[in-house]
Amino acid sequence: MTTHKTQETQENASKPLLKTLLASAALWAVSGAAMADITIGVSLPLTGPASGLGIPMGNAIKLWPTSIAGEKLNVIVLDDATDPTKGVQNAQRFVTQDKADIVMGSAATPVAIAMSDTVAAASTPHFMFSPAVLQAGKDAWAFRLPQSNAVMSHALLGHMKKLGVKSVGFLGYTDAYGESWLKDFQAEAAKIAPEIKVVATERFARSDTSVTAQALKLVAANPDAMLIVASGSGAAMPHKAVVERGYKGKIYQTHAAATRDLMRVGGKDVEGAYVVSGPAVIGEQLPDSHPSKKVALDFVQKYEKAHGAGSRNQFAGHAYDAALVLEKVVPVALKKGKPGTPEFRAALKDAVETMGRTVVSHGVLTYAKDNHWGFTTETGVILKVVNGDWKVE
């Protein structure tokens, strides 16, 4: 015979169970807060014109540790397709839906700049994977992992000066990366090599497939050297264009071209090219006294073990360095707040600004409250393409 309890009896019987469930839920909430994941939202150009930068960064992120200081890393990587609008959408998702403790990206400068307002408005640290220049007072929450264009201009100009270069032709992107390089290069030249002048300037869009008209004008100007400002495999096309139009002078490329894609696509036309880079890509060629030698070799060994011999590049090095910065600042920030809280995000920002001298694969970072660039003028190295490989000048 089945016995049916009255509603009152059932309610009375369920009260102890309800108390137990509520107590368990409260305990879970407390323990969950104590062990909350550190959420990192990463926006990368995995497709589009800047995919040559984003893909190796994504590959390097796969090598990050799964936890830091006992806290699990929850890393969310989204494709921004080299599109500023998509980058902003990714940033909005990170700070609203995912409650990210840190936002990283993009590797494409126009996208990184577009993302910055959204991330700053959420009072969230923003690790930029491009040398993006923001308006004065707009970079309180933004830190750059790549070297600034001014720092790399310093290295380029020093090399040009040694080779007796006096006139330079400029062929660069129409966007923020190209324009900031032109501005910083000219400003740095005025300081350390006033005899070097930009005598002709031509521009092109990232999506352009030909620069024949621009190349003809620059070759006609016949400068001592050409400075090409482009990125990844896209840097090969303008380089080939000036060579095919008969230019015989020296050709320089920026750190956005420090990838084997330049040699793969450019072939014999890029032989002898000079490329400014961070030291990460040539760890074996660094002197033992170089502070980054050990770290650069570690980056190369781990990255090429996972992705094949010769796969190292400037961009993967920046993503590798981001993890080194996290390993230094996260333990400090955890003393002031728990992941997922405004206190933790503010503590992360403070920790980066006060972390002091930090050796990474690309040099030595020393951020400060009034310096969110980190690298000094000693960071840049000049590589020469010799027999399809890098050789330090």
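Just above, that's the structure.
What counts, and where the lines are drawn
- Residues numbered from 1 in each chain as written.
- Predicted model: local features only at pLDDT ≥ 70, side-chain atom pairs only at ≥ 80, totals over all residues.
- Heavy atoms only, no water.
- Buried < 20%, exposed > 50% of the residue type's maximum accessible area, 1.4 Å probe, protein only.
- Helix = DSSP H or I, 4+ residues; strand = E, 2+ residues; numbered from the N terminus.
- Pairing = 2+ DSSP bridges.
- Right-handed = clockwise from strand over helix to strand, strands pointing away.
- Axes fitted to C-alpha atoms, helices over the stretch in contact; angles between N-to-C directions.
- Contact = heavy atoms within 4.5 Å.
- Salt bridge = Lys/Arg side-chain N within 4 Å of Asp/Glu carboxyl O.
- Phe/Tyr/Trp six-rings, centres within 6.5 Å; stacked < 30°, edge-to-face > 60°.
- Lys NZ or Arg CZ within 6 Å of the ring centre and 35° of its normal.
- Expected span 1.5 Å × (residues − 1).
- 1 Å grid on protein atoms, 1.4 Å probe; cavity = no way out; pocket = protein on both sides within 12 Å on 5 of 7 lines; lining within 4 Å.
- Points joined across faces, edges and corners; volume = space filled by probe spheres on them.
- Nonpolar A, V, L, I, M, F, W, Y, C, P; charged D, E, K, R; others polar.

Asks: So what's going on with unusual backbone geometry? Which residues, and what values?
Replies: At the junction of glycine 105 and serine 106, the peptide bond is cis and its omega measures out at -5° in the coordinates. The backbone of alanine 81 sits at a positive phi, close to 55°, despite the residue not being glycine. When its relative accessible area of 31% is taken as the criterion, alanine 81 is described as partly exposed. The backbone phi angle of serine 123 is positive, close to 50°, even though this residue is not glycine. For serine 123, the position within the fold is in the loop between helix H4 (109-121) and strand E5 (126-128).

Asks: Please set out the pairing of strand E8 (residues 197-204) residue by residue, giving values where relevant.
Replies: As paired elements, strand E7 (residues 167-173) and E8 share 7 bridges and run parallel to each other. Looking across to E8, one finds that valine 168 is bridged to valine 198. Note on the crossover from E7 through helix H6 (residues 176-192) to E8: the handedness is right-handed.

Asks: Give me the sheet that holds strand E15 (residues 389-392): which residues, what numbers.
Replies: Read from one edge to the other, the open sheet built from 7 strands follows the order E8-E7-E9-E10-E11-E14-E15, with strand pairing classed as mixed. The outermost strands of the open sheet, each flanked by one partner alone, are E8 and E15. For this sheet, the mean inter-axis angle between neighbouring strands, taken without regard to orientation, is 30°. Against the sheet, helix H7 (residues 212-221) touches E7, E8 and strand E9 (225-229), its axis set at about 170° to E8.

Asks: Any details on the pattern of salt bridges? Residues and values, ideally.
Replies: One pass over the full model with this rule turns up 17 salt bridges. Taking the shortest distance from any N to any O, the salt bridge between arginine 144 and aspartate 139 comes out at 2.9 Å. With its nearest N and O atoms 3.1 Å apart, the salt bridge here joins lysine 302 to aspartate 298. Highlighted residues: lysine 302 and aspartate 298, both in helix H10 (residues 293-307), separated by 4 residues, approximately one helical turn. Taking relative accessible area as the criterion, aspartate 298 reaches 27% and is therefore assigned partly exposed. Taken together, the salt bridges that share partners define one network made up of Lys240, Glu244, Arg245, Lys268 and Asp269.

Asks: Which residues make up the sheet that holds E5, and what values do they have?
Replies: Reading across from one edge, E2-E3-E1-E4-E5-E6 is the order of the 6 strands in this open sheet, with mixed pairing throughout. Taken across any chain shown, the strands that pair with only one partner, and hence form the sheet edges, are strand E2 (67-68) and strand E6 (142-144). Two elements, strand E1 (residues 38-44) and strand E4 (residues 102-105), share 4 bridges in a ladder whose sense is parallel. When the bridges of E4 are listed, isoleucine 40 appears paired with isoleucine 102. Taken strand by strand, helix H3 (residues 84-97) contacts E1, strand E3 (71-79) and E4, and its axis lies near 155° from that of E3. Strand contacts of helix H12 (residues 342-353): E1, E4, E5 and E6, with the helix running at about 40° to E6, the strand carrying the most contacts.

Asks: Let's hear about the packing of aromatic side chains: which residues, and what values?
Replies: Applying the stated criterion to the full structure yields 6 aromatic pairs. Relative to phenylalanine 143, the ring of phenylalanine 127 lies with its centre 6.2 Å away and its plane at 80°, an arrangement referred to as edge-to-face. Taken together, the positions of phenylalanine 127 in strand E5 and phenylalanine 143 in strand E6 put the pair 16 residues apart, joining distant regions of the chain. Grouping residues by exposure puts phenylalanine 127 and phenylalanine 143 together as buried. One aromatic cluster is present, built from ring pairs that chain together Phe127, Phe143 and Tyr367. We note arginine 144 situated over the ring of tryptophan 373; from NZ or CZ to the ring centre the distance is 4.1 Å. It is lysine 349 that lies over the ring of tryptophan 141; its NZ or CZ is 5.5 Å from the centre.

Asks: Lay out H10 in plain terms, naming residues and giving numbers.
Replies: Helix length check: H10 (15 residues) gives 21 Å between terminal C-alpha atoms against 21 Å at 1.5 Å per residue, within 8%. Looking at the buried positions of H10, the neighbouring elements they touch are helix H2 (51-61), helix H11 (314-333) and strand E12 (358-360). After H10 finishes, the residue glycine 308 shows a positive phi value of roughly 105°.

Asks: Quick rundown of empty space enclosed by the protein? Include the residues and the values.
Replies: Evaluated as defined, the whole model comprises 3 cavities of 30 Å³ or more. Quantified by volume, the largest cavity comes out at close to 110 Å³. Considering the residues around the largest cavity, the lining is formed by 17 residues, among which Leu53, Ala107, Pro131, Ala256 and Phe315 are closest to the centre. Element by element, the count of residues in the lining of the largest cavity is highest for H11, at 3 residues. Class assignment of the residues belonging to the lining of the largest cavity gives a composition of 10 nonpolar, 6 polar and 1 charged.

Asks: Account for the side chain of serine 311, naming residues and giving values.
Replies: Its location among the elements puts serine 311 in the loop between H10 and H11. Accessibility expressed as a relative area gives 19% for serine 311, which makes it buried. The residues contacting serine 311, other than those within four sequence positions of it, are Tyr303 and Glu304.

Asks: Explain the environment of alanine 112 to me, and be specific about the residues and the numbers.
Replies: Considering the arrangement of structural elements, one finds alanine 112 in helix H4. On the basis of relative accessible area, alanine 112 is assigned to the buried category, the value being 0%. Between the C-alpha atoms of alanine 112 and proline 84, which are 28 residues apart in sequence, the distance is 7.6 Å. With near-sequence residues (within four places) excluded, alanine 112 lies in contact with Gly105, Ser106, His126, Met128, Ser130 and Ala132.

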